[in-house]
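Observations on chain architecture
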Amino acid sequence: MATVVGVVEHFAVRGGARLTGAVDVVGAKNSVLKLMAAALLAEGRTTLTNCPDILDVPLMADVLRSLGCEVEIDGAGVHIDVPASPGAEADYRSVSRLRASVCVLGPLVARCRRAVVPLPGGDAIGSRPLDMHQNGLRKLGATTDIEHGSVTARADDLHGAQIWLDFPSVGATENILMAAVLADGTTIIDNAAREPEIVDLCVMLQQMGAKLEGVGSSTLTVHGVTGLQPTTHRVIGDRIVGATWAFAAVITSGEVTVRGVDPHHIDLVLDKLRSAGAETVTGDQEFTVIMHGRPQAVDYVTLPYPGFATDLQPMAIALSAVAEGTSMITENVFEARFRFVDEMIRLGADARTDGHHAVVRGRSELSSAPVWASDIRAGAGLVLAGLRARGTTEVWDVAHIDRGYPRFVENLRDLGADISRVAGEPDR
């Protein structure tokens with residue numbers, strides 16, 4: 001179970017274990033939150049299945065409750081009852097804890113013709129401006145602004161438009177898409193994000209009655225409809241979590257089978273791991289990664305999908321830190337993500353950063369130290385590094401990890417890792 005916000009805990013990771021076995025991956029964090037927001041587009045009960053047990057799901061449920069919805073979380077199921085007239089103003093206390101909550105902006109503009117969404121909180125990985133969200137909504141006929149710490153939008157009518165995104169932003173694509181499905185006429189979104197989570201959102205919208213073309217491509221065509229219906233939808237498997245276990249296998253020279261993820265969603269990741277010396281076997285919604293000996297150094301460049309995901313950059317650095325040779329990691333998405341490198345250096349990594357680049361010279365082994373997670377993926381990367389460190393590594397601020405990885409400690413233990421969750425304040 002996910003930990004409770006406010007409880008001070010850390011993970012104690014004892015290095016040296018070779019991970020072996022199988023791990024099941026459930027629904028994607030980066031999909032389920034947007035699907036929950038999409039439920040706002042139709043009156044009635046929408047049900048999502050295969051949902052992950054992570055802190056962000058109840059946080060998004062609180063956002064929806066602040067808008068007048070009733071939300072029930074039942075194991076891997078989330079049931080959302082949307083009223084005929086949802087509220088248009090999201091509660092600050094709910095939104096401030098969850099950056100993904102900005103994705104209610106598009107659905108609220110579509111349903112209510114107005115929205116007030118406080119600027120969200122979330123991970124400390126760099127700025128994520130809402131310029132493209134606002135510009136897209138303006139082209140659809142809305143007026144938008146930042147007022148008193150909130151992004152506001154109003155529209156008497158929404159109409160189709162030709163929209164070009166300067167960057168294939170996932171969040172902007174989602175918000176514009178969800179507003180456009182109830183606009184009058186046809187909207188074309190050029191340079192749209194192509195992530196599997198975008199495709200998952202499109203599939204759900206189509207089940208609700210939306211008319212879309214170009215799903216999975218960089219050009220999305222949306223033919224507006226007058227109304228949508230609630231639906232039941234299964235969330236796709238979390239490719240970032242699945243890839244994290246793949247990196248863990250290579251870092252520990254292990255053999256791990258990951259079930260519940262489409263291996264085609266991480267084709268580039270598996271190719272990089274093969275370049276590092278791993279063997280991979282893929283099947284239907286599962287894959288196996290096998291590593292014998294020490295991995296070889298590989299270069300990584302983060303880019304929008306189908307490029308190498310920025311969410312996996314910390315795992316790439318953790319692998320590079322114990323690989324044979326020197327790796328260069330280039331970060332093109334979030335400028336502050338290299339904050340994680342300072343914590344890796346505490347573990348003995350030979351790493352230097354310069355602007356968008358990090359150079360990591362691999363060592364055969366790291367050394368344990370107390371380290372702090374600055375975001376979800378940095379936390380997971382530090383745990384993976386701790387698996388190859390002498391002694392016991394303490395990873396603090398693990399509430400970040402709980403926001404993205406269900407049963408993280410339990411899954412690692414099942415694979416043979418020596419890891420435990422420990423309560424108590426840090427000595428610093």
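Since we're looking at a predicted model, the values are computed, not measured. (Residues numbered from 1 in each chain as written. Predicted model: local features only at pLDDT ≥ 70, side-chain atom pairs only at ≥ 80, totals over all residues. Heavy atoms only, no water.)

Re the overall build of the protein
- From N to C terminus, the protein includes 14 helices and 25 strands.
- For the protein, whose C-alpha radius of gyration is 21 Å, the value lies close to the compact-globule estimate of 22 Å for 428 residues.
- In terms of its C-alpha atoms, the protein occupies a principal-axis envelope of roughly 60 × 40 × 40 Å.
- Every one of the 428 residues in the protein was classed for burial, and the buried ones make up 57%.
- A fraction of 73% describes how many contacts in the protein between residues 6 or more apart in sequence connect residues 24 or more apart.
- Of the roughly 15800 Å² of accessible surface on the protein, 47% is carried by carbon and sulfur atoms. (Helix = DSSP H or I, 4+ residues; strand = E, 2+ residues; numbered from the N terminus. Rg over C-alpha atoms; globule rule 2.2 N^0.38 Å. Buried < 20%, exposed > 50% of the residue type's maximum accessible area, 1.4 Å probe, protein only. Contact = heavy atoms within 4.5 Å. Areas by Shrake-Rupley, 256 points an atom, 1.4 Å probe, with all protein chains shown as cover.)

Section: the pattern of salt bridges
- By the definition in use, this model includes 19 salt bridges.
- Taking the shortest distance from any N to any O, the salt bridge between Asp311 and Arg377 comes out at 3.7 Å. Of the two residues, Asp311 sits in the loop between β17 (300-301) and α10 (313-321) while Arg377 sits in helix α12 (residues 376-386), which places them 66 residues apart along the sequence. Assigned by exposure class, Asp311 and Arg377 land together as buried.
- In the salt-bridge network here, residues are joined through shared partners; they are Asp311, Arg337, Asp375 and Arg377. (Salt bridge = Lys/Arg side-chain N within 4 Å of Asp/Glu carboxyl O.)

Re the side chain of Thr393
- Position of Thr393 among the secondary structure elements: in strand β24 (residues 392-396).
- In contact with Thr393, other than residues within four places in its own chain, are Phe11, Ala12, Val13, Leu347, Ser368, Ala369, Val371 and Gly386.

Thoughts on the pairing of strand β12 (residues 219-223)
- Bridge analysis of strand β10 (residues 186-190) against β12 gives five bridges, and the strand direction is antiparallel. Within β12, the residue paired with Ile188 across the bridge is Thr221.
- As paired elements, strand β11 (residues 211-213) and β12 share three bridges and run antiparallel to each other. Paired with Leu212 across the bridge in β12 is Val222.
- Once β11 ends, the chain turns through five residues before running back antiparallel as β12, passing Gly214 with a positive phi of about 80 degrees. (Pairing = 2+ DSSP bridges.)

Some points on the sheet that holds β17
- Taking strand neighbours across the sheet as the criterion, the four strands line up as β17-β18-β20-β19 in an open arrangement whose pairing is mixed. Edge positions in the sheet fall to β17 and β19 (350-354), since each of these pairs with one other strand and no more.

Let's talk about the packing of α10 against α12
- One way to put it is that α10 packs onto α12 with a least axis distance of 8 Å and a crossing angle of 20 degrees. With respect to α12, the axis of α10 lies roughly parallel. The two elements α10 and α12 meet at a crossing, and its hand is right-handed. Across from Pro314, Met315 and Ala318 in α10, the residues of α12 making contact are Arg377, Ala378, Ala380, Gly381, Leu384 and Ala385.
- Across the contact of α10 with α12, the residue classes break down as seven nonpolar, one polar and one charged. (Axes fitted to C-alpha atoms, helices over the stretch in contact; angles between N-to-C directions. Parallel < 35°, antiparallel > 145°, perpendicular 65-115°, else oblique. Left-handed = near helix turned anticlockwise from the far one by under 90°. Nonpolar A, V, L, I, M, F, W, Y, C, P; charged D, E, K, R; others polar.)

A closer look at the domain arrangement of the protein
- Taken domain by domain, the protein consists of domain 1 (8-25 + 237-424) and domain 2 (29-234).
- The C-alpha centroid of domain 2 is placed 30 Å from the C-alpha centroid of domain 1.
- In this complex, domain 1 contributes 25 residues to the contact, which on the side of domain 2 involves 22 residues.
- Each partner contributes to the roughly 2000 Å² buried at the junction of domain 1 and domain 2, and carbon and sulfur atoms together form 54% of this total.
- If you sort the residues of domain 1 by the area they bury against domain 2, Tyr305, Phe334 and Arg403 come out on top, with a joint share of 32%.
- Seen at the junction of domain 1 and domain 2, the total is two salt bridges.
- Residue Arg239 is joined to Glu197 by a salt bridge in which the shortest nitrogen-to-oxygen separation is 2.8 Å. (Domains from an automatic or database assignment. Buried area = accessible area lost by both parts, 1.4 Å probe.)

So, the nonpolar core
- Core analysis: the largest hydrophobic core is formed by 75 residues, its most contacted members being Met36, Val104, Leu177, Val181 and Leu205.
- Each residue touching Leu205, except ones within four places of it in the same chain, is listed here: Ala38, Leu41, Leu177, Met178, Val181, Ala210 and Leu212. (Core = buried A, V, L, I, M, F, W, Y, C linked by side-chain atoms within 4.5 Å.)

Notes on the environment of Gly106
- With respect to the helices, strands and loops of the structure, Gly106 is situated in helix α4 (residues 105-112).
- Residue Gly106 is classed as buried on the basis of its relative accessible area, which comes to 0%.
- For the pair Gly106 and Ala90, spaced 16 residues apart in sequence, the C-alpha separation works out to 13 Å.
- Beyond its immediate chain neighbours, meaning those up to four positions away, Gly106 contacts Asn175, Met178 and Ala179.

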